[in-house]
Amino acid sequence: MTTVALEPNPLREGLEQERVPDASCLVIFGASGDLTHRKLLPALYSLAHDGLLPAGQTIIGFARPDYGDEAFRADIRKACNEFARTKPVDDAVWENFAKGLFYVQGDFTEPEAYNRLNQKLTECDRTRGTGGRRIYYLAVPPNFFPVIAELLGAEGMVTDPERGGPYTRVIIEKPFGHDLATARELNRVAVTTFRERQVFRIDHYLGKETVQNLLVLRFANGIFEPFWNRQYIDHVQLTVAESIGVEKRGPYFESAGIARDIIQNHMMQLLSLVAMEPPVAFEADAVRDEKVKVVRALRDFPAGHESSSAVRGQYTAGSVLGEAVPGYRQEERVSPTSRVETYAAMKVFVDNWRWADVPFYLRAGKRLPKRVTDISIHFRPAPYPLFKKVAGVRTQPNVLAIRIQPDEGIALKFDSKVPGPTVRTAPVTMEFRYATSFGAEPPEAYERLLLETMLGDSTLFARRDEVETAWAWLDPLLHVWEESPEPPDPYPAGTWGPPSADAMIERDGRRWRRP
Ligand code: BG6
């Protein structure tokens, strides 16, 4: 890795130096798919636009359709024009970017295709100075992972970091398994070809600026950490709400459900970052060691009484943002008798010294009234209600609300005196918003994560034990749900989930915050 001074860039004022990786060949398996078009190539183009890709960086699309380089480039240019943060495409940036963009046609299960790919890689080392460095991005369904890993190994296309020389890294996308057993199997296959430090498991939530800011908020500021514990915090709420339904992903969702799709991965990451202890260093293993301890400390759901702390729902027909939408069971390629959950809410406990008996309320759902990801820290009330006896005064506990998306920001709610001759209070908020403080739009999650892979920094990627520990915790609940004769509780699309989710938190004398 080289550290260079960049040309002045108003968006990066104050940052004198940026990390720029050495040029490598990034091979995208599944280059004809949606992820490549909507996320990966637009992210790479935006990195190029911002001057963050090294000269010579090479991207090779590898997939079955019979394309040539030119057709692939034209297709990708269109995608970048539509989806890149830095759209519309700039001719000069594009010309340079496209010089490093190639396509190799092939079937992932055919050794011959790997041969052709390898020849192209060797040629690029010669013509583009990529020095044997390889990143394989598996943008393919997980069932292809074993055969790809095996053939890459068999064709001698993977180096061993223990022996030195140019690196090989592999990026894998969720789902990382369907349960603990399949996740273990996937990880076992991975380590037959790669070492753990060569494996980059993408959880795109970790690439979001606001998610990374959780660490900065907590550990770069002196004022929050002293309150960040059971002594001052009453409870924490985490919400991942989406207004979209399952779109065209019916078959995938039928095999997943919201708990596997969002809670096992994205929400576990959010929860870990909120609850973790300070790491000894801002380094991959130091940070992940602390995160995994949180997941390991999660209390099991009460056997036989799971429904007291976990409810699931499924949307029925309704209206979202003014538009009539069908119920889940009427979605394309979804069973009309499906029992898959599109909403889940849970009360969980992190059984450790800092968080003993502080409930964390988690909820995630499709077809909720709006798209919002929000974390709120609800503080305990003031120890002595000084204003209690003053007529008309009702004080409210303080809330620190961290808005992950959209309208990224942080707000602290507290009570204030309403101006006037009598004592009356009203809640007010102190707010920080990314857009007003920093002006520029934050980079897309994939931009950051692709760059981190090129730099070889796995701080923002899920480690094997994190993934397996999260499955070990969630598996028993999923099993109970699968065996249950009861279907998920219905909720009309466009509402905040089933009444049972409200009842769950209200039994504890609390309410869901409306983010
Ligand atoms: C994906 C899930 O991992 O995250 C999708 O598979 C979900 O179902 C998406 O819609 C949400 O991501 P974001 O970045 O829009 O919050």
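Preceding this paragraph is the structure being described.
Sequence positions are assigned chain by chain, starting from 1 and proceeding in written order. Where totals are concerned, whole chains, interfaces and linings use all residues; where local detail is concerned, this predicted model gives features only for residues with pLDDT of at least 70, and gives and counts side-chain atom pairs only at 80 or more. To obtain the side-chain values, all non-hydrogen atoms of the structure were included, while hydrogens and water were left out.

(A) Structural context of the sheet that holds strand 17 (residues 409-417). The 9 strands are arranged 18-17-16-15-9-14-13-10-19 in an open sheet whose pairing can be described as mixed. Lying at the two open borders of the sheet, with one neighbouring strand each, are strand 18 (425-433) and strand 19 (489-492). Looking at each pair of strands side by side, their axes are set apart by 20° on average, direction ignored. Sheet analysis places strand 16 (residues 399-405) next to strand 17, joined by 5 bridges and oriented antiparallel. Considered in strand 17, the bridge of Val399 is made with Lys413. Against the sheet, helix 9 (residues 258-275) engages strand 9 (233-241), strand 13 (343-349), strand 14 (359-365) and strand 15 (372-379), with an angle of about 145° to strand 14. It only takes one pair of heavy atoms within 4.5 Å for two residues to be counted as in contact. Here, axes are lines fitted to C-alpha atoms. For helices the fit covers the stretch in contact, and angles between N-to-C directions go from 0 to 180 degrees. Counting from the N terminus, the helices are DSSP H or I runs at least four residues long and the strands are E runs at least two residues long. Across the sheet, helix 13 (residues 464-483) touches strand 10 (310-316) and strand 13, and the angle it forms with strand 13 is around 135°. DSSP bridges decide pairing: two strands pair if at least two such bridges lie between them.

(B) Quick look at the site of the ligand. In the vicinity of the ligand, the contacting residues are Lys174, His204, Tyr205, Lys208, Glu242, Arg249, Asp261, His266, Lys366, Arg371 and Gln405. A distance of 2.7 Å separates an oxygen atom of the ligand from a polar side-chain atom of Lys174. A distance of 2.7 Å separates an oxygen atom of the ligand from a polar atom in the side chain of His266. Here the accessible surface of atoms and residues is derived via Shrake-Rupley with a 1.4 Å probe, and residues count as covered only by protein chains that are part of the display. When the ligand sits alone it has 400 Å² of accessible area, and the protein chains cover 83% of it. Looking at the shell around the ligand residue by residue, the classes come out as 1 nonpolar, 3 polar and 7 charged. Proximity criterion: a residue is near a molecule or strand once any of its heavy atoms comes within 4 Å of it. Any pair of N or O atoms that falls within 3.5 Å is considered a polar contact. Within protein, one atom must be able to donate a hydrogen and the other to accept it, and sequence-neighbouring residues count only if both atoms are side-chain atoms. Charged residues are taken to be Asp, Glu, Lys and Arg, nonpolar residues to be Ala, Val, Leu, Ile, Met, Phe, Trp, Tyr, Cys and Pro, and polar residues to be all remaining types, Gly included.

(C) Fine view of the pattern of salt bridges. Salt bridge, as used here: a side-chain nitrogen of Lys or Arg that lies within 4 Å of a carboxyl oxygen of Asp or Glu. Taken as a whole, this structure holds 35 salt bridges when the rule is applied. Arg197 is the salt-bridge partner of Glu162, the closest N and O atoms lying 2.4 Å from each other. Taken together, the residues Glu162 in the loop between helix 5 (145-154) and strand 7 (168-173) and Arg197 in the loop between helix 6 (180-193) and strand 8 (199-202) connect sequence positions 35 residues apart. Think of it in three bands: residues with accessible area under 20% of the maximum for their type are buried, residues over 50% are exposed, and the middle band is partly exposed, with areas taken using a 1.4 Å probe on protein chains only. Its relative accessible area of 52% is what places Arg197 among the exposed residues. Its salt-bridge partner being Glu452, residue Arg448 comes within 3.0 Å of it at the nearest N-O pair. Placement of the pair is Arg448 and Glu452 together in helix 12 (residues 445-455), with a separation of 4 residues, close to one helical turn. According to the relative accessible area criterion, Arg448 is partly exposed, its value standing at 25%. Taken together, the shared-partner salt bridges connect Asp285, Arg288, Asp289, Arg463 and Asp465 into one network.

(D) Quick peek at the nonpolar core. Within this scheme, the nonpolar core is defined by two criteria: the residues are buried Ala, Val, Leu, Ile, Met, Phe, Trp, Tyr or Cys, and they are joined through side-chain atoms within 4.5 Å. Counting residues in hydrophobic clusters, the biggest one holds 149 residues, and the most contacted among them are Phe29, Leu44, Tyr137, Met346, Phe360 and Ile375. With 11 residues, the top contributor of residues to this core is helix 9. Two domains each put at least three residues into this core: domain 1 (20-202) and domain 2 (208-444 + 462-506). For Met346, the contacting residues outside a window of four places in its chain are Ile263, Phe301, Ser309, Ala310, Phe360, Tyr361, Leu362, Trp473, Leu474, Leu477, Trp481 and Met504. Here the limits of each domain have been adopted from an automatic or database domain assignment.

(E) Examining the pairing of strand 7 more closely. The element strand 7 is largely enclosed, with a buried count of 6 among its 6 residues. Burial along strand 7 is two-sided: the face carrying Thr168, Val170 and Ile172 and the face carrying Arg169, Ile171 and Glu173 are both buried. Pairing of strand 6 (residues 134-138) with strand 7, which is carried by 5 bridges, proceeds in the parallel orientation. If you follow Tyr136 over to strand 7, its bridge partner there is Val170. In this fold, strand 6 hands off to helix 5, which returns the chain to strand 7; that crossover is right-handed. Bridging between strand 7 and strand 8 involves 4 bridges; their strand directions are parallel. Looking across to strand 8, one finds that Val170 is bridged to Val199. A crossover gets the label right-handed when its path from the first strand over the helix to the second runs clockwise, viewed with the strands pointing away from the viewer. For the segment spanning strand 7, helix 6 and strand 8, crossover handedness is right-handed.

(F) A look at the sheet that holds strand 7. The strand order across the open sheet built from 6 strands is 5-4-3-6-7-8, with neighbouring strands paired in parallel fashion. The open sheet has two edge strands with one neighbour each: strand 5 (101-105) and strand 8. Averaged over all adjacent pairs, the angle separating strand axes in this sheet is 20°, with direction ignored. In this structure, strand 4 (residues 58-63) lies alongside strand 5, joined through 5 bridges in parallel fashion. For Ile59, the partnering residue across the bridge sits in strand 5 and is Leu101. Its contacts with the sheet put helix 4 (residues 111-128) on strand 3 (25-29), strand 4, strand 5 and strand 6, and the angle it makes with strand 4 is roughly 170°.

(G) Seen up close, the environment of Pro515. The topology assignment puts Pro515 in the segment after helix 14 (499-506). Pro515 sits 143 residues away from Val372 along the chain, and the two C-alpha atoms are 7.2 Å apart. Not counting the four nearest positions on each side in its chain, Pro515 is found in contact with Thr239, Arg363, Lys370, Val372, Asp374, Arg403 and Trp496.

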